[in-house]
Amino acid sequence: MTATAPAPVTAPRTLAETAPQVLALVAGYVGHRTVSLGLRSGLLRALADRPGSTADDLADALSLDPFYVSVWCRAAFGAGVLERADGGYRLGDHMATLLLATGSPAFVGGVFGVCEAGEVFDRFEASLSSGERMWWEDTSPEWIAAVAGTGTPFYTRLVPGGLERVPGLAERLTAGCTVVDTACGAGVGAIRLATTYPRCTVVGVDGDAHSIDRARERIAAAGLAGRITLVHSALEDMALGEQATLVINNISMHECRDIDRVAANVMAALEPGGWFVVSDFPFPDTDEGLRSTPGRVMSGIQFFEAQIDDQLLPRSAYDDLLTRHGFTDLGSAQLTPMHALTWGRRP
Ligand SMILES: C[S@@+](CC[C@H](N)C(=O)[O-])C[C@H]1O[C@@H](n2cnc3c(N)ncnc32)[C@H](O)[C@@H]1O
């Protein structure tokens with residue numbers, strides 16, 4: 001009989017080693033609330049505009065209580081969001097980009113508001129025993145706006161940079177063709193597509209009436225009503241005809257009630273050789289990934305997803321889906337730790 005190596009044993013940790021891990025969770029919560037408050041009150045924006053401001057300067061500029069503002073400044077400094085400068089404070093390096101620059105591919109400021117919305121933790125906790133589900137029409141207008149703010153950097157990374165990673169696609173988009181944004185939400189992506197590819201016509205499809213209304217307003221305000229058509233339909237019932245060179249789906253494919261019916265409808269909407277690009281959160285499929293910072297943030301998003309009866313998926317689930325439906329030339333790209341693309345072509 002050969003001796004087998006004993007299973008690795010993780011040494012038990014002491015109480016003193018474990019306590020800081022628990023307190024770090026509380027510190028993260030304090031940092032989160034400090035940033036949210038700074039975003040809503042305009043304190044972060046004011047510091048970006050006037051670096052070196054003291055708490056009194058900020059309170060003066062924003063008509064806030066100076067003592068309260070000094071408490072906020074100290075907490076934001078402790079969280080590493082502010083640095084000391086010229087007797088006052090400035091934003092830490094890259095904080096303006098990460099927290100305030102809504103047009104930047106690196107913008108994460110929207111995630112703070114999403115995590116604090118009642119649709120994430122509060123409603124989940126209230127429904128913990130009933131397990132009551134909801135759908136998009138049960139969410140608030142503020143939630144739809146917050147989701148659009150979080151989806152925007154995904155579109156910014158996708159259009160045009162992400163789409164340029166798909167072999168052969170950029171040339172077709174520049175030449176002009178039909179592009180469909182499935183689950184277009186409040187219309188940010190449809191506008192981005194129409195403005196980036198002026199020779200393309202764009203179709204936005206979404207199952208939520210309120211989102212379609214917001215998209216219609218946004219598109220009209222951008223003067224693009226002539227080039228973007230909106231369709232109010234569940235993707236499971238989408239019947240567009242064989243017209244699209246590109247179908248995209250941004251942070252929504254995991255939400256489909258019947259992902260196989262949607263993949264079949266996308267295939268039917270594509271011209272031969274057309275592309276389907278899924279842009280989504282790549283949920284970790286390892287324990288190590290779950291313990292990573294992106295994994296933990298995505299686990300937060302899962303509280304909302306559970307209430308609409310789905311979960312974020314590992315990126316490989318889309319390889320399986322596209323393969324199952326006969327897509328060819330599959331490819332993928334990781335754009336950030338929380339954003340991956342998966343694509344395939346209609347044969
Ligand atoms: C997370 S939001 C994303 C919206 C947009 N793509 C963005 O990135 O801002 C999800 C959207 O998908 C839509 N949606 C989810 N599942 C759908 C389905 N099966 N059919 C149609 N729309 C769907 C919802 O109505 C909602 O507007």
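This one's a predicted model, so the numbers in the text were calculated from it and none came from an experiment.

## Observations regarding the site of the ligand
The environment of the ligand is formed by 21 residues, the closest being Tyr155, Ala183, Asp206, Leu235 and Glu236. Note that a nitrogen atom of the ligand is positioned 2.9 Å from one of the side-chain N or O atoms of Tyr155. Leu235 has a polar backbone atom sitting 2.9 Å from a nitrogen atom of the ligand. Across the complex, the protein chains shield 96% of the 590 Å² of accessible surface that the ligand would expose by itself. Per element, the largest residue contribution to the shell around the ligand is 3 residues, and it comes from helix α8 (residues 141–164). Looking at the shell around the ligand, its residues break down into 10 nonpolar, 7 polar and 4 charged.

## Looking at the side chain of Arg157
Among the structural elements, Arg157 can be located in helix α8. Although Arg157 lies buried, it forms no salt bridge, and the closest oppositely charged side chain, Asp280, sits 10 Å away as judged by the N-O distance. Sequence-distant contacts of Arg157, that is, excluding residues within four places in its chain, are made with Pro105, Gly162, Leu335, Thr336 and His339.

## Considerations on helix α6 (residues 109–116)
Looking only at α6, the buried set comprises Gly109, Gly110, Val111, Phe112 and Val114. Structurally, α6 contributes buried residues whose contacts are with α1 (15–41), α5 (95–100), α8 and α14 (293–307).

## Considerations on the domain arrangement of the chain
We note that the domain assignment places domain 1 (20–100) and domain 2 (156–283 + 311–345) within the chain. With centres defined by C-alpha atoms, the gap from domain 1 to domain 2 works out at 38 Å.

## Overview of helix α3 (residues 55–62)
Taken residue by residue, α3 has Ala55, Leu58 and Ala59 as its buried positions. Buried residues of α3, seen end-on, are gathered within an arc of 100 degrees and therefore sit on one face of the element. More than 90 degrees from the buried face of α3, the exposed residues found are Asp56 and Asp60. Residues of α3 that are buried in the fold lie against α2 (43–49) and α4 (66–78).

## A closer look at the sheet that holds strand β7 (residues 270–280)
Across the sheet, 7 strands lie side by side as β5-β4-β3-β6-β7-β9-β8; this open sheet has mixed pairing. Every other strand in the sheet has two partners, leaving β5 (228–232) and β8 (328–336) as the edge strands with one partner each. Going across the sheet, the axis of each strand differs from the next one's by a mean of 15 degrees, ignoring polarity. For strand β6 (residues 244–250) and β7, the ladder comprises 6 bridges, and the chain directions are parallel. Its bridge partner being in β7, Asn250 is matched across the sheet by Ser279.

## Details of the packing of aromatic side chains
Following the criterion strictly, the structure yields 8 aromatic pairs and no others. Aromatic pair Trp136 and Phe304: ring centres 5.4 Å apart, planes at 70 degrees, arrangement edge-to-face. Here Phe304 lies in helix α14 and Trp136 lies in the loop between α7 (121–126) and α8, a separation of 168 residues in the sequence. Phe304 carries the same exposure label as Trp136, and that label is buried. Relative to Phe304, the ring of Trp143 lies with its centre 4.5 Å away and its plane at 40 degrees, an arrangement referred to as tilted. In this pair, Trp143 sits in helix α8 while Phe304 sits in helix α14, placing the two residues 161 residues apart along the sequence. Exposure class is identical for Trp143 and Phe304. Each is buried. Members of the aromatic cluster, each reached through a chain of ring pairs, are Phe121, Phe124 and Phe303. The ring centre of Phe77 lies 4.3 Å from the NZ or CZ of Arg84, which sits over that ring.

## Focus on empty space enclosed by the protein
In the structure shown here, the tally under the stated rule is 1 cavity of 30 Å³ or more. Its volume calculated, the largest cavity comes out at about 30 Å³. In this structure, the largest cavity is lined by Val278, Asp280, Phe281, Pro282, Leu313, Arg315, Tyr318, Ala340 and Thr342. The set of elements that each furnish at least two residues to the lining of the largest cavity consists of β7 and β9 (339–345). When its residues are assigned to classes, the lining of the largest cavity shows 6 nonpolar, 1 polar and 2 charged.

## Some details on the layout of surface pockets
Approximately 1300 Å³ is the volume found for the largest pocket. Looking at the lining of the largest pocket, the elements with two or more residues in it are α1, α5, α6, α7, α13 (287–291) and α14. Classifying every residue of the lining of the largest pocket gives 20 nonpolar, 7 polar and 5 charged. Looking at the second largest pocket, its volume works out to about 670 Å³. What lines the second largest pocket is a set of 39 residues, and nearest its centre among them are Trp136, Ala183, Ile251, Ser252 and Glu255. Broken down by secondary-structure element, the contributors of at least two residues to the lining of the second largest pocket are α6, α8, α10 (188–196), β6 and α14. A total of 8 residues in the lining of the second largest pocket trace back to one element, the largest contributor, which is α8. When grouped by side-chain class, the residues that make up the lining of the second largest pocket number 20 nonpolar, 13 polar and 6 charged.

Conventions used here
- Residues numbered from 1 in each chain as written.
- Predicted model: local features only at pLDDT ≥ 70, side-chain atom pairs only at ≥ 80, totals over all residues.
- Heavy atoms only, no water.
- Near = heavy atom within 4 Å.
- Polar contact = N/O pair within 3.5 Å; in protein donor to acceptor, adjacent residues only side chain to side chain.
- Areas by Shrake-Rupley, 256 points an atom, 1.4 Å probe, with all protein chains shown as cover.
- Helix = DSSP H or I, 4+ residues; strand = E, 2+ residues; numbered from the N terminus.
- Nonpolar A, V, L, I, M, F, W, Y, C, P; charged D, E, K, R; others polar.
- Buried < 20%, exposed > 50% of the residue type's maximum accessible area, 1.4 Å probe, protein only.
- Lys, Arg positive; Asp, Glu negative; His and termini not counted.
- Salt bridge = Lys/Arg side-chain N within 4 Å of Asp/Glu carboxyl O.
- Contact = heavy atoms within 4.5 Å.
- Domains from an automatic or database assignment.
- Arc of directions from axis to C-beta.
- Pairing = 2+ DSSP bridges.
- Axes fitted to C-alpha atoms, helices over the stretch in contact; angles between N-to-C directions.
- Phe/Tyr/Trp six-rings, centres within 6.5 Å; stacked < 30°, edge-to-face > 60°.
- Lys NZ or Arg CZ within 6 Å of the ring centre and 35° of its normal.
- 1 Å grid on protein atoms, 1.4 Å probe; cavity = no way out; pocket = protein on both sides within 12 Å on 5 of 7 lines; lining within 4 Å.
- Points joined across faces, edges and corners; volume = space filled by probe spheres on them.

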